[in-house]
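Chain residues, written in single-letter form:
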Amino acid sequence: MARWCYRHRLVVLLLWVGALLGLGAAASTAGTDYANVFSLPNTDSKRAYDQMEKAFPERAGDTDTVVWKVDTGTVRDQSVQSRIQPALEKIGKMAGVGGVTGPYTGDRGAAQISANGKIAYAQITFAEQANAVPKQLVQDVVDTAQGARSGGLHVELGGQAIQRVQEPPTGLAEMIGILAAAVVLFLAFGSLFAMLLPIGIAIFGVGTGLFSTQLLSHVTSVPDLAPLLATLIGLGVGIDYALFIVTRHRRGILRGMDPEESAVTALNTSGRAVLFAGGTVCIALAGMLVTNLRFLDGVVIGTSLTVVFSVLAAVTLLPALLGFLGSRVLSRRQRRKLAADGPEPERSSGLAARWSASVQKRPRSVAVMALVVMAILAIPVLSLRLGATDQGNDDASTTTRKAYDLLAEGFGPGFNGPLQVVSTSGDTNKLVQGIRATDGVAQVAALPPAQGVTVIQVVPTTSPQSEKTDQLIDTLRDKVIPEAGAQAHVGGVTAISKDFSTVTGDRLPLFIATIIGLGFLLLMVAFRSLVVPLTAALMNLIAAAASFGVLVAIFQWGWGLSLLGLGKEGPINAFLPVIMLSLLFGLSMDYQVFLVSRMHEEWVHTKDNARAVRVGLAETSRVINSAALIMVCVFLAFVLSGDSGAAMAGVGLAAAVALDAFILRTALVPAAMHLLGKSNWWLPAGLEKRLPHLAVEPAEEAESLPRASAGGPTVVHGFVRDAEGAPVDGAVLTLLSKGGRQLDRVTSLADGSYIVSVPAPGTYLLSATASSYGARARHVIVTDEPLVHDLELTEGEVDAVN
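If you're wondering where the values come from, they're calculated on a predicted model, not measured in any experiment. Per chain, residues are indexed from 1 in the order of the written sequence. Where totals are concerned, whole chains, interfaces and linings use all residues; where local detail is concerned, this predicted model gives features only for residues with pLDDT of at least 70, and gives and counts side-chain atom pairs only at 80 or more. In computing side-chain values, all of the structure's heavy atoms are included and hydrogens and water are not.

## Description of the overall build of the protein
When helices and strands are counted, the protein shows 24 helices and 18 strands. Along the first, second and third principal axes, the C-alpha atoms of the protein reach 110 × 55 × 45 Å. Here's how the labels work: a residue is buried when its accessible area is under 20% of the maximum for its type, exposed when over 50%, partly exposed in between, all with a 1.4 Å probe on protein chains only. The buried share of the protein, taken over its 802 residues, is 54%. Accessible surface area values rest on a Shrake-Rupley calculation with a 1.4 Å probe, where residue burial reflects the displayed protein chains alone. Accessible area for the protein stands at about 33,300 Å²; split by element, carbon and sulfur atoms hold 58% of it. Charge assignment: positive for Lys and Arg, negative for Asp and Glu; neither His nor the chain ends contribute. We put the charge of a Lys on NZ, of an Arg on CZ, of an Asp on CG and of a Glu on CD. Side chains of the protein give 62 positive and 65 negative charges; the mean places of these two sets differ by 3 Å. Under the scheme used here, helices are H or I runs from DSSP no shorter than 4 residues and strands are E runs no shorter than 2 residues, and both carry numbers assigned from the N terminus.

## Some words on the environment of leucine 289
In this fold, leucine 289 is placed in the loop between α10 (259-286) and α11 (295-325). The class for leucine 289 is partly exposed, based on a relative accessible area of 39%. Residues leucine 289 and valine 299 lie 10 residues apart in sequence; the distance between their C-alpha atoms is 9.8 Å.

## As for the packing of aromatic side chains
Planes of paired rings set the category: under 30 degrees apart is stacked, over 60 is edge-to-face and the rest tilted, where pairs are Phe, Tyr or Trp rings (Trp by its six-membered ring) whose centres lie within 6.5 Å. Scanning the model with the defined rule gives eight aromatic pairs in all. Aromatic side chains tyrosine 121 and phenylalanine 411 sit 5.2 Å apart centroid to centroid with 85 degrees between the ring planes, which places their arrangement in the edge-to-face category. Remark: phenylalanine 411 occurs in helix α15 (residues 399-411) and tyrosine 121 occurs in strand β3 (residues 119-126); sequence separation between them is 290 residues. Per residue, the accessibility class of tyrosine 121 equals that of phenylalanine 411, and both read buried. Aromatic ring contacts, followed pair by pair, group Tyr121, Phe411 and Phe415 into a single cluster. Definition used: whenever NZ (Lys) or CZ (Arg) falls within 6 Å of the ring centre and also within 35 degrees of the ring normal, the charge is taken to sit over that ring. For arginine 9, the ring lying beneath its charged end belongs to tyrosine 6, and the centroid distance is 5.4 Å. A cation over a ring is seen here: arginine 328 above phenylalanine 193, with NZ or CZ 5.7 Å from the ring centre.

## Some thoughts on the pairing of strand β15 (residues 762-769)
The buried fraction of β15 amounts to six of the eight residues, a majority that puts the element mostly inside the structure. As paired strands, β15 and strand β16 (residues 776-782) are joined by seven bridges and run antiparallel to one another. When the sheet's bridge partners are listed, glycine 762 is paired in β16 with valine 782. Strand pairing requires that DSSP identify at least two bridges connecting the strands.

## As for helix α9 (residues 225-254)
The span expected for a helix works out to 1.5 Å for each residue beyond the first. The end-to-end C-alpha distance of α9 is 44 Å, a good match for the 44 Å that 30 residues give at a rise of 1.5 Å each. Of all the 30 residues making up α9, 28 are buried; the element is thus mostly covered by neighbouring parts of the structure. Glycine 256 lies just past α9 and shows a positive phi near 100 degrees.

## Concerning the pattern of salt bridges
By convention in these notes, a salt bridge is any Lys or Arg side-chain nitrogen within 4 Å of a carboxyl oxygen on Asp or Glu. Following the criterion strictly, the structure yields 13 salt bridges and no others. In this structure, the salt-bridge partner of lysine 46 is aspartate 50, at a minimum N-O distance of 2.9 Å. Of this pair, lysine 46 and aspartate 50 both sit in helix α3 (residues 44-55), separated by four residues, roughly a single helical turn. When its relative accessible area of 23% is taken as the criterion, lysine 46 is described as partly exposed. With its nearest N and O atoms 3.8 Å apart, the salt bridge here joins arginine 721 to aspartate 790. In this pair, arginine 721 sits in strand β11 (residues 714-722) while aspartate 790 sits in the loop between β17 (787-788) and β18 (791-793), placing the two residues 69 residues apart along the sequence. What makes aspartate 790 partly exposed here is its relative accessible area of 43%. Salt bridges sharing common partners tie together Arg3, Arg7, Glu260 and Glu261.

## Some remarks on the packing of α9 against α10
Between α9 and α10, the shortest axis-to-axis distance is 8 Å and the interhelical angle comes to 155 degrees. Taken together, α9 and α10 sit at an angle that is classed as roughly antiparallel. The chirality of how α9 crosses α10 is right-handed. Contact residues: α9 offers Tyr241, Phe244, Ile245, Arg248, His249, Gly252 and Ile253, while α10 offers Pro259, Ser262, Ala263, Ala266, Leu267, Thr269, Ser270, Gly271, Val274, Ala277, Gly278 and Val281. When grouped by side-chain class, the residues that make up the contact of α9 with α10 number 11 nonpolar, seven polar and one charged. What counts as an axis is a line fitted to C-alpha atoms, over the stretch in contact for a helix, and the angles between N-to-C directions run from 0 to 180 degrees. Roughly parallel means an angle under 35 degrees; roughly antiparallel, over 145; roughly perpendicular, 65 to 115; everything else is oblique. Left-handed describes a crossing whose near helix is turned anticlockwise from the far helix by less than a right angle; the clockwise case is right-handed. We call two residues in contact whenever any of their non-hydrogen atoms come within 4.5 Å of each other. Three classes are used, and their members are as follows: Ala, Val, Leu, Ile, Met, Phe, Trp, Tyr, Cys and Pro are nonpolar, Asp, Glu, Lys and Arg are charged, and the others, Gly among them, are polar.

## Focus on the packing of helix α13 (residues 351-361) against helix α23 (residues 644-676)
Packing of α13 against α23 brings their axes to within 9 Å, and their N-to-C directions diverge by 45 degrees. Classed by the angle they form, the pair α13 and α23 counts as oblique. Where α13 crosses over α23, the two elements pack in a sense that is right-handed. Judged by residue contacts, Trp355, Val359 and Gln360 of α13 engage Thr666, Ala667, Pro670, Ala671 and His674 from α23.

## Focus: the side chain of threonine 462
Note that threonine 462 resides in the loop between β8 (454-460) and α17 (467-484). What qualifies as a polar contact is a pair of N or O atoms within 3.5 Å, subject to a donor-acceptor requirement within protein and to the restriction that residues adjacent in sequence count only when both atoms come from side chains. Looking at threonine 462, its side chain comes within polar contact range of the side chain of threonine 469, at 2.6 Å. With sequence-adjacent residues up to four places away left out, threonine 462 is seen in contact with Pro413, Gly414, Lys468 and Thr469.

## Some thoughts on the confidence of the model for the protein
Any residue range with low pLDDT should be treated as having predicted coordinates unsuitable for detailed reading. Looking at any residue, its pLDDT shows the predictor's confidence there, from 0 to 100. Taken residue by residue, the protein gives an average pLDDT of 84. The fraction at 70 or more is 91%. Least confident of the elements in the protein is helix α20 (residues 561-564), whose mean pLDDT is 73; most confident is helix α14 (residues 363-378), at 95. Taken together, the stretch residues 700-710 has pLDDT below 50 and engages in 19 contacts with residues farther than four places along the chain or on a different chain.

## Points about the sheet that holds strand β6 (residues 419-425)
Spatial strand order, β7-β8-β6-β9: four strands in an open sheet with antiparallel pairing. The sheet terminates laterally at β7 (441-446) and β9 (487-491), the two strands that pair on one side only. Pairwise comparison of adjacent strand axes, ignoring direction, gives a mean angle of 20 degrees for this sheet. Bridge count for β7 against β8 is five bridges, and the pairing is antiparallel. Across the sheet, residue valine 444 finds its bridge partner in β8, namely valine 458. Across the sheet, helix α16 (residues 428-436) lies against β6, β7, β8 and β9, angled at about 5 degrees from β8, the strand it touches most.

## What to know about a positive patch on the surface
Surface patches are drawn from residues lacking salt bridges whose relative accessible area is over 30%; two like charges belong together within 9 Å, two nonpolar side chains (Val, Leu, Ile, Met, Phe, Trp, Tyr) within 5 Å. A cluster of like positive charges, contributed by Arg332, Arg333, Arg336 and Lys337, occupies part of the molecular surface. Within the secondary structure layout, arginine 333 lies in helix α12 (residues 332-341). Note on arginine 333: relative accessible area 57%, which makes it exposed.

## With respect to the sheet that holds β3
Spatially, the four strands line up as an open sheet ordered β2-β3-β1-β4, and their pairing is antiparallel. The sheet is open, and its two borders are formed by β2 (97-101) and β4 (153-158), each paired with just one other strand. Here the strands of the sheet are splayed against their neighbours by 20 degrees on average, with no regard to which way each runs. Sheet topology note: the strand β1 (residues 63-70)/β3 ladder contains seven bridges and is antiparallel. By the bridge assignment for β3, valine 66 is matched with alanine 122. Helix-sheet contacts for helix α4 (residues 78-92) involve β1, β2, β3 and β4, and the interaxial angle to β2 is about 160 degrees.

## What about a nonpolar patch on the surface?
The grouping of Val368, Val372, Ile376, Ile379 and Leu382 at the surface amounts to a nonpolar patch, some 530 Å² of accessible area in total. Assignment of secondary structure puts valine 372 in helix α14.

## Examining the nonpolar core
Nonpolar cores were defined as sets of buried Ala, Val, Leu, Ile, Met, Phe, Trp, Tyr and Cys residues, with membership established by side-chain atoms within 4.5 Å. One finds Tyr241, Met288, Tyr591 and Phe635 to be the most contacted residues of the largest nonpolar core, which totals 152 residues. Sequence-distant contacts of phenylalanine 635, defined by excluding residues within four places in its chain, comprise Leu232, Leu587, Gly650, Leu653, Ala654 and Val657. One finds Val80, Ile91, Ala120 and Ile162 within the second-largest nonpolar core, a separate group that totals 29 residues.

## A short note on unusual backbone geometry
Unusually for a residue other than glycine, glutamine 451 sits at a positive phi of about 55 degrees. By secondary structure assignment, the location of glutamine 451 is in the loop between β7 and β8. Unusually for a residue other than glycine, arginine 528 sits at a positive phi of about 50 degrees. Relative to the helices and strands, arginine 528 resides in the loop between α18 (493-527) and α19 (531-556). The exposure class assigned to arginine 528 is buried, which follows from its relative accessible area of 13%.

What follows is the structure, given as structure tokens:
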């Protein structure tokens, strides 16, 4: 497939451009139909909502608030009313505004003025839900209300619709993330064309995925959170997958391969790993379905579609683009050096090789240090509290945060999150009296009944995010309502958030067990090992604990929030553990696949665990760290999205990817694999026979042993020397078939000489290892005559066979 795409590159490019433009045109014509589907079946707040919907269907529109405060006098002063009332009347006449309830009119107007007369509010009810209200209308409302400001009169606005107009421009976070990724790629490759390839692949993958999700929103429920998360994950994996393939391709050209053969080899090795890694991400995302939280179904659809399109672009569009570039995928300096000096030798050197050798020498020290760092970062997770962020967590400079603070100042901290006790039968007066007598209740008011349903507004004395408010909800449900003998349910935004946190916490263990179990099975089948997938599962849990520890320290404890400009501390969003763990497990599995697949490739060839781990780490650590740095840049850019949930997810995922790549995959995993030795690759014989074969690496070519007429056994012999020409005594030489089967194993003598037996003419792999020296492996072609083959070992060098 890679060769076909390379040779028919213009056709492939036109197909992808046509798909992107066609889906974009169709999506633009159809528009969006994202839904705020949020259902918590079998919860008390859901029952309250259902009763409210039946009794008061006209209250479907979004309700926002205008709040004003005076420095001197009271809000009842004529000078204040003469500025505020005309503005409210003008807002009430705007098309799309259902009505305005102010403090200067109506029976309940006085209740909308604070006790000291300094603060008042008016409620604006739109005809549509917040996401359906046109932004221009909301902006007109904001401009009209704030136009009433004067020297001593402060006017602020709060509510979901208002929050939308203060968000940064759409696409700002994505553009900054892409620019940061471009800088990292240019530093890694030193070539403009090579830098553009991963970004182009990511744009095609994310674009087709988002347009497809937009079209699907017309036939299934997709929440408006889905496109943001799909972009977040799509940019990260799209750039990373292309980076792995392009890196392998560039290495092939530097080794002297023809560009077409190099591209085919890159796709047939790294491309297979990309396909496998993309599958693991989709499986991890699909794990969200076991939570039975229906609003997450659309998130799974959007994110999985984007990952699938990113993988397809990497394995089809990328080889086509490589065909257009040819050798220009290298920098000019690399092309000149290749023309002058010829192909580079097949060995890894530099910082990655030195670090890999250090891990092999001191695996216990490296493992202990990595574990200590992760354990310290995970400590805050012990105080994790799930909840919901609201406008009280917005940045202090925003009008929504100022309105929130003014309402709390004038009417109490619980005013921003009132509870709704929905009663359908029983003595309402007795219920109201019981609620009023309950500790933690500031105000109680029963609204006129409708269709046998009475709504009792309850204002707590504590803020919506306070643990005491959660305790009040439990008290009302478990004690006050049963004692009053009423049939009632506690609803409202605060109660819904509490129920969601409870449901999420209850289902989280099943969710974690599902995605870990599926990942374990997949890695076991791919790498024919029980220890490798077990190690991966443990590392995922460690990464999750440490990343949530970072989240708690920043967003719940408030460490560094002001530096990041992320508002006020509060609980961690209840939906975040499910979404973040899905993405984290999928992405960390990517790095595990890329790292271990190279190790497994070397293990199959040499059956030397130390060499396999050392070479695998030396050859993949640099590209894994580059990929992780790109993901960190993309995820951190979402701090600028204006959405607190996206900012929290971005910081959490950036921390998770950084810790996973820079500490776990670069230090702890290889150190553990060195300590475990050959048991890394252990699989019971009975299980080996029953498991299906799903290889990440390409299938080995059938061993061809062309025999001459005399075609009997022969030998390979020679000397093992160091760089100074001195003989190396005690070097272990191993002859392996192309399939990795050990055929002979000998030790060099004092003069460095050796001789190994060869069963028949053919192509074999001869490896040599000695203490304090780097390993050396070479393919040898043996005819029916003995072959003389000398080997040179260099101290501290890692030689990797491609």
